[in-house]
Amino acid sequence: MFDYLIVGAGLFGAVFAHEAKKNGKSCLVIDKRAHPGGNIYCSQTDNINVHEYGAHIFHTSDKTIWEYVQQFVQFNHYINSPIANYKGELYNLPFNMNTFYQLWKVQTPKEAQQIIASQIADLNIQEPQNLEEQALKLIGKDIYEKLIKGYTEKQWGVSCTQLPPFIIRRLPVRFTFDNNYFNDPYQGVPIGGYNKIIEGLLDGIETRLHIDFFTDRNQLSKLAHKIVYTGCIDEYFEYQLGELEYRSLKFKHEHLGMQNFQGNAVFNYTDRETPYTRIIEHKHFEFGTQKTTVITKEYPVKWQRGMECYYPINNERNTQLYNQYKELANAENNVIFGGRLGEYKYYDMHQVIGAALKSVQKEFNHEI
């Protein structure tokens, strides 16, 4: 009998399994997919690591987390500097002096600040009632119309006037010529792909794939003293309180017989009419020079039960429902809930690792 049955071979489950093994515990990791790694899994085409489930760029301000992942793989110095394409016009992201020059031909921070301030003043929005008003109050009309509105409405599937303002309480705005999307001091992509991290974490740990926990729940639960569950929390409780909502994604991968398709890893398509939100060219994450390339178009889609869950919709209704499920989870003595789906929370990779390490610390009552 195992000490832990870990449902889900993504980052949370793999980190927990790795640390439990270091503490002398036996673990069985299961996953319904054909591969471990969850959404950070990479396939390979012509020596190009293809991020199967969307772009993943590791970034953190936590030196401990950075050193933790460095145990398993060396990282390159990739810096995320996406380009926005609005109806053929190109703009640097995040919003910075390059963006403002492209929009208004201004060359100084003072000029840019004056334009933004005048646009905000003209709108006279006191208390934003929705995302649109919140964005306009933060950044003005031009940036909102060209770089936020269409992208956001595609991402969430509704008008910005129907989204709550808290989704963008603040926006990254820089009055410097700096295209680095993240402020974190530690950034990069694993050399050779994210699979190396998962392989290192799960080394020596029994992992069974193509196993759906819910098809044989009773028998699987008998295999271990305790369960670490990283799937959807409402599914665990058989949706007895109702269904939490998500947004899903569809990825269309294309292998092209050219060396360089778009010259950058990430292009965001910010108009409403283009059906995809972005195109990823994977080789640029690792500065590839292969003779061919692989691109991925990312389409947001309405989630239905049975589809992959990518983004929790943390509105008031879902937050209240999750809190009710969390009460049920707290009453489960031998189950640990974790990860994006288990906690119904949007986590970046470093945050998942941090949450898993905290869970381990709590479980074994000591610092990692």
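See the structure shown above.
Structural notes, computed from the coordinates.

What counts, and at which threshold
- All residue numbers refer to position in the chain's written sequence, counted from 1.
- Selection of residues for local features in this predicted model requires a pLDDT of at least 70, selection of side-chain atom pairs for listing and counting requires 80 or more, and totals for whole chains, interfaces and linings are taken over all residues.
- The basis for every side-chain value is the complete set of heavy atoms in the structure, and neither hydrogens nor water enter the calculation.
- Angles run from 0 to 180 degrees between N-to-C directions of axes, and those axes are lines fitted to C-alpha atoms, restricted for helices to the stretch in contact.
- Only DSSP runs of H or I with at least four residues qualify as helices, and only runs of E with at least two residues qualify as strands; both kinds are numbered from the N terminus onward.
- Roughly parallel means an angle under 35 degrees; roughly antiparallel, over 145; roughly perpendicular, 65 to 115; everything else is oblique.
- Should the near helix be turned counterclockwise from the far one by less than a right angle, the crossing is left-handed, whereas a clockwise turn marks it as right-handed.
- Contacts: residue pairs with any heavy atoms within 4.5 Å of one another.
- In short, DSSP must find at least two bridges between two strands for them to pair.
- Here, nonpolar core refers to any group of buried Ala, Val, Leu, Ile, Met, Phe, Trp, Tyr and Cys residues whose side-chain atoms link them within 4.5 Å.
- Exposure categories follow from relative accessible area, calculated using a 1.4 Å probe and restricted to protein chains: below 20% of the type maximum is buried, above 50% is exposed, and the middle band is partly exposed.
- Nonpolar side chains (Val, Leu, Ile, Met, Phe, Trp, Tyr) within 5 Å and like charges within 9 Å form the patches, drawn only from residues with over 30% relative accessible area and no salt bridge.
- Using the Shrake-Rupley algorithm and a 1.4 Å probe, accessible areas are obtained, with residue cover drawn only from the displayed protein chains.
- Note on definitions: salt bridges are taken to be side-chain nitrogens of Lys or Arg within 4 Å of carboxyl oxygens of Asp or Glu.
- When charges are counted, Lys and Arg contribute as positive and Asp and Glu as negative, whereas His and the chain ends are disregarded.
- Working definition for charges: the position is that of NZ of Lys, CZ of Arg, CG of Asp or CD of Glu.

Put simply, helix α3 (residues 97–104) and helix α4 (residues 109–123) touch, their axes get as near as 10 Å, and they point 70 degrees apart. Our classification of the angle between α3 and α4 gives roughly perpendicular. The way α3 lies across α4 gives a crossing that is left-handed. Together, M97, F100 and W104 of α3 and P109, A112, I115, I116 and Q119 of α4 make up the contact between the two elements.

Strand order in the open sheet formed by 7 strands is β7-β6-β12-β13-β14-β11-β15, and the pairing between neighbours is mixed. Among the strands making up the open sheet, the edge pair consists of β7 (89–92) and β15 (311–312). Here strand β12 (residues 266–269) pairs with strand β13 (residues 278–281) via 3 bridges, running antiparallel. The residue bridging F267 from the neighbouring strand is I279, located in β13.

As a further point, take the nonpolar core. Counting residues in each nonpolar core, the largest one holds 48 residues, and the members touching the most others are L11, F58, L201, F285 and I353. Counting only elements with at least two residues in this core, the list comes to β1 (2–7), α1 (11–22), β2 (27–30), α2 (63–70), α7 (195–201) and α12 (349–364). Considering each element in turn, this core owes the most residues, 8 residues, to α12. What F285 contacts, discounting residues up to four positions off in sequence, is H51, A55, I57, N76, Y78, V189, A265, V266 and I280. The next biggest cluster of nonpolar side chains, apart from the first, holds 27 residues, and it includes F213, F237, W303 and L321.

This paragraph deals with a positive patch on the surface. Together, K326, K345, K358 and K362 line one region of the surface with positive charge. With respect to the helices and strands, K326 occurs in helix α10 (residues 316–330). The partly exposed category is assigned to K326, whose relative accessible area is 35%.

Everything listed here is a matter of geometry and, on its own, says nothing about what the molecule does.
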